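# Inside the fold
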Amino acid sequence: MGENHETTHSEEHHHQELGFWRTYVFSVDHKVIGIQYAVTGLSFLFFGFCLMLLMRWQLAYPGEPFPLIGKLLGDSRMPGGIMLPEFYNQLGAMHGTIMVFLGVVPLAVGGFGNFVLPLQIGAPDMAFPRLNMASYWSYFLGGVVMFLSFFVPGGAAQSGWTSYPPLSVIAESGQTVWLLGMVFLITSSLLGSVNFIVTVIQLRVEGLTFMRLPFFVWSQFVTAFLLLLAFPPLEAAAFMQLMDRVANTSFFMPAGLVVSGQLVEVSGGGSPLLWQHLFWFLAHPEVYVLILPALGIVAEVIANNTRKPLWGYKSMVYSVLFLAFMSFIVWAHHMFLTGMGTVMSAFFQTTTMIISIPSVVIITALLLSLWGGSIRFNTPMLFALAFLPMFGIGGLTGLPLGLAAADIHLHDTYYVIGHFHYVVAPGTIFALFAGIYYWYPKATGRKMSEFLGKLHFWPSLLFMNGIFLPMFIQGLAGVQRRLFDGGVSYAHAEPVLFLNKVMTHSAWGLAIAQLPFVINFFLSLKRGEKVGSNPWQATTIEWLAPSPPPHGNFANVPVAYRTPYEYSVPGQASDYHPQFEPDRRVAGPPDPGEPEAAPATA
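This section reports on the structure supplied with the text. (Residues numbered from 1 in each chain as written. Predicted model: local features only at pLDDT ≥ 70, side-chain atom pairs only at ≥ 80, totals over all residues. Heavy atoms only, no water.)

### Re the overall build of the chain
The condition that has to hold: Numbering of helices and strands starts at the N terminus; helices are DSSP runs of H or I of at least 4 residues and strands are runs of E of at least 2. Every radius of gyration here is taken over C-alpha atoms, with the globule rule written as 2.2 Å times N^0.38, N being the number of residues. Exposure is judged per residue with a 1.4 Å probe applied to protein chains only, and the accessible area is read against the type maximum: over 50% gives exposed, under 20% gives buried, and values in between give partly exposed. The contact definition used throughout considers only heavy atoms, calling two residues in contact when any of these lie within 4.5 Å. Computed by Shrake-Rupley with a 1.4 Å probe, the accessible areas treat only the displayed protein chains as cover when residues are assessed.
Of the regular secondary structure elements, the chain holds 16 helices and 4 strands. Taken against the 2.2 N^0.38 rule, which gives 25 Å for 602 residues, the C-alpha radius of gyration of the chain at 25 Å falls within 12% of a compact globule. Taken along its principal axes, the extent of the C-alpha atoms in the chain is 85 × 55 × 50 Å. Across the 602 residues that make up the chain, the buried fraction comes to 57%. Put simply, of all contacts in the chain between residues at least 6 apart along the chain, 78% involve residues at least 24 apart. Total accessible area on the chain is roughly 24400 Å²; 69% of this is exposed by carbon and sulfur atoms.

Put into structure tokens, the structure is as follows:
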């Protein structure tokens, strides 16, 4: 132990000699990289949100000039401040791409995973620190490339975030830049996922068996496998589409394609459906890449603030493993309209219904964890509690889309937009806010303001539902997604067009509701309440490290003595019994039926 302490001290001394660039920019410290991911991801979430605000104005007031900044965007996008259909398509494609690939996933996996996971397993760093740095910078370059695509001739990609060929193959040059950006982003995820898997398997401290891992670690571990196995098909597909665009190949280009009355001269023989298979083979596991880290965060916050162990911990772990396996055999429920035939559609309907079961098990376990708890309604807990019904709405509204008969009518309507956004926006993003408020003291040594946090939460909850709940009504009325005018040109949309204004005003309200968070985030860096290493009185190993943790994380290598959520255990001196502390029962005769707590073999 003494030798390990001397090594850690030596590494810390060496780290202090590094200059500014090596310490804060090109750092190999998992905590700095996690913060880099988090800040960059939040910045892209803000940018993607701004794109959505532009779209919502157009849908609420089609053909009317955008106030203030409309004319600043140029005549090629908004002549006279009025949005062109081509620019609306660019906003739609880039909003989806940025929010998923540049916002939520980097924040959930790159940010929280990098910062928290090594601390929770007692590791001094990730297994491959330089690979970790390469992963962040590959992501950053991908983000820069995506952002710059707005300034190439013809503007950014405008074939939707799914980039279906043949439209995407014959699109303007922005699509080429989109594909290059995706290659960087996918490479980043592959580097990160390998690192996470090796770190969890190899760097757990003594006593931390797999069934003693915090549920957050399980969620990140399984997510890493999803990224590792699902992203390569899309990277291959991106290269194939790139070749179709720049080298005149025909991976996805069929023969006899007529565009604007002209026969497109390509060798042909390609299949547009091949792209859909490759894309959705990634993009359905990608849904669980968004959800699983969120479930991990919510589990940590709920266990801590109910002062109870998680109900059904093992059932939750097995459900996550089963969910990951099943996520690879449901992708074609996105493709019921492609004419796959009744046998194949029956298979994918069945697997889609089956995959809902483990999600229900996890949500039920989290709800049951609340029963009988002495709940602390602080800001992280409010966001975690709101996640449960919001994710529930997202999941339940997805069931009709998993059945071919219902999906034929609902596909490509606003119902699909509402379903997906309930999972990701008031669902996953609420969980990410819960995680930011919960682990902010660990990263900075200061707590965020509870008053500003609740001022952030309640309007956000109201306006999130104001945006997405009306989408179900519009979708059931048959209003299609991706309509540049919001459905004005269709008679059947007329009764529900007023909802476009409701959703737009809610979107602007949601933007204003984020101001308390921004103020709180930066103000608390200097003026937040100073806290010790364990301000929430939590039980997992990361709360043993100082706040903020130094280079190397722990003064001495911790040992895991027990399971991660021992709250309110009878006979203990307090209502929490950390993993990293030896047994500290109150004085009294030992229970003859219970052996002395001891570290298990790793």
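### Some points on the pattern of salt bridges
Counted only if it meets this: For this analysis, a salt bridge means a side-chain nitrogen from Lys or Arg found within 4 Å of a carboxyl oxygen belonging to Asp or Glu.
On inspection of all chains with the given rule, the structure shows 5 salt bridges. Each of the salt bridges in this network shares a partner with another, and the network as a whole consists of Asp-412, Arg-481 and Arg-482.

### A look at the packing of helix 10 (residues 342-370) against helix 11 (residues 379-398)
Convention followed: Axes here refer to lines fitted to C-alpha atoms; in helices the fit is confined to the stretch in contact. Angles between the N-to-C directions go from 0 to 180 degrees. Orientation is classified from the angle alone, with under 35 degrees giving roughly parallel, over 145 giving roughly antiparallel, 65 to 115 giving roughly perpendicular, and any other angle giving oblique. It is the rotation of the near helix from the far one that decides the hand of a crossing: anticlockwise by less than a right angle makes it left-handed, clockwise makes it right-handed. For this scheme, ten residues count as nonpolar: Ala, Val, Leu, Ile, Met, Phe, Trp, Tyr, Cys and Pro. Four count as charged, namely Asp, Glu, Lys and Arg, and the remainder, Gly too, count as polar.
For the pair helix 10 and helix 11, interaxial distance at closest approach is 11 Å and the crossing angle is 135 degrees. Between helix 10 and helix 11, the crossing angle belongs to the class labelled oblique. In this structure, helix 10 meets helix 11 at a crossing whose hand is left-handed. Residues Ile-363, Leu-366, Leu-367 and Leu-370 of helix 10 lie in contact with helix 11, whose contacting residues are Met-381, Leu-385, Phe-387, Leu-388 and Phe-391. Residue composition of the contact of helix 10 with helix 11, by class: 9 nonpolar, no polar and no charged.

### Regarding the packing of helix 3 (residues 30-60) against helix 5 (residues 129-148)
Taken N-terminus to C-terminus, the directions of helix 3 and helix 5 make an angle of 15 degrees; their axes are 10 Å apart at the nearest point. Taken together, helix 3 and helix 5 sit at an angle that is classed as roughly parallel. Between helix 3 and helix 5 lies a crossing whose hand is left-handed. Between helix 3, through His-30, Ile-33, Gln-36, Tyr-37, Thr-40, Gly-41, Phe-44 and Phe-47, and helix 5, the contact on the second element is made entirely by Pro-129, Asn-132, Met-133, Ser-135, Tyr-136, Tyr-139, Phe-140, Gly-143, Val-144 and Phe-147. Partitioning the contact of helix 3 with helix 5 into residue classes produces 11 nonpolar, 7 polar and no charged.

### What about the layout of surface pockets?
Quick note on the threshold: Using a grid of 1 Å spacing that covers the protein atoms alone, one calls a set of points a cavity when a 1.4 Å probe fits there but cannot get out, and a pocket when the set is open and has protein on both sides within 12 Å along at least five of seven lines; lining residues are those with an atom within 4 Å of a point. Grid points are joined across faces, edges and corners, and a volume is the space filled by probe spheres set on the points.
Approximately 320 Å³ is the volume found for the second largest pocket. In this structure, the second largest pocket is lined by 15 residues; those nearest its centre are Phe-47, Leu-51, Leu-54, Leu-73 and Phe-87. In terms of residues, the lining of the second largest pocket owes the most to one element, helix 3, which gives 5 residues. Looking at the lining of the second largest pocket residue by residue, the class counts come to 14 nonpolar, no polar and 1 charged.

### Thoughts on helix 8 (residues 272-306)
This is how it is decided: Helix span, as expected, comes to 1.5 Å for every residue beyond the first. A residue's bend is given by the angle between axes fitted to the 7 residues ending at it and the 7 residues starting at it.
An ideal rise of 1.5 Å per residue puts 51 Å on 35 residues; helix 8 measures up with 51 Å between its terminal C-alpha atoms. The largest bend in helix 8 amounts to roughly 30 degrees and is located at Trp-280. Of all 35 residues in helix 8, 29 are buried, a share of seventy percent or more. The first or second residue beyond helix 8 is Arg-307, which carries a positive phi of 55 degrees.

### A word on empty space enclosed by the protein
Inspection of every chain in the model, using the stated rule, returns 2 cavities of 30 Å³ or more. One number sums up the size of the largest cavity: a volume of about 190 Å³. Along the wall of the largest cavity there are 19 residues; nearest its centre are Tyr-37, Val-105, Pro-106, Ser-188 and Ser-189. Those elements that provide at least two residues to the lining of the largest cavity are helix 4 (85-120), helix 5, helix 6 (174-202) and helix 7 (215-246).

### Considerations on unusual backbone geometry
In most cases, non-glycine residues show a negative phi, while peptide bonds are predominantly trans. Put simply, Pro-165 and Pro-166 share a cis peptide bond, and its omega is 5 degrees. For Ser-163, which is not glycine, the phi torsion reads 50 degrees and is therefore positive. By relative accessible area, Ser-163 is classed as buried at 0%. The backbone of Ser-260 shows a phi angle near 55 degrees, a positive value even though the residue is not glycine. Mapping Ser-260 onto the fold places it in the loop between strand 1 (258-259) and strand 2 (262-263).

### A look at the packing of aromatic side chains
This is how it is decided: Any Phe, Tyr or Trp ring, taking Trp's six-membered ring, that has another such ring centre within 6.5 Å forms a pair; planes under 30 degrees apart are called stacked, those over 60 apart edge-to-face, and the others tilted.
All told, the structure shown has 55 aromatic pairs when counted by the stated rule. Their ring planes at 70 degrees and their centres at 5.0 Å tell us that Tyr-438 and Trp-439 sit as a pair that is edge-to-face. For Tyr-438, a relative accessible area of 1% translates into the label buried. A relative accessible area of 4% means that Trp-439 is categorised as buried. Taking 5.6 Å as the distance between ring centres and 70 degrees as the angle between the ring planes, the aromatic pair formed by Tyr-440 and Phe-521 counts as edge-to-face.

### As for the environment of Leu-242
Summarising the element assignment, Leu-242 is placed in helix 7. Overall, the relative accessible area of 9% leaves Leu-242 in the buried class. Those residues in contact with Leu-242 that sit more than four places away from it in its chain are Thr-176, Leu-179, Leu-180 and Ala-247.

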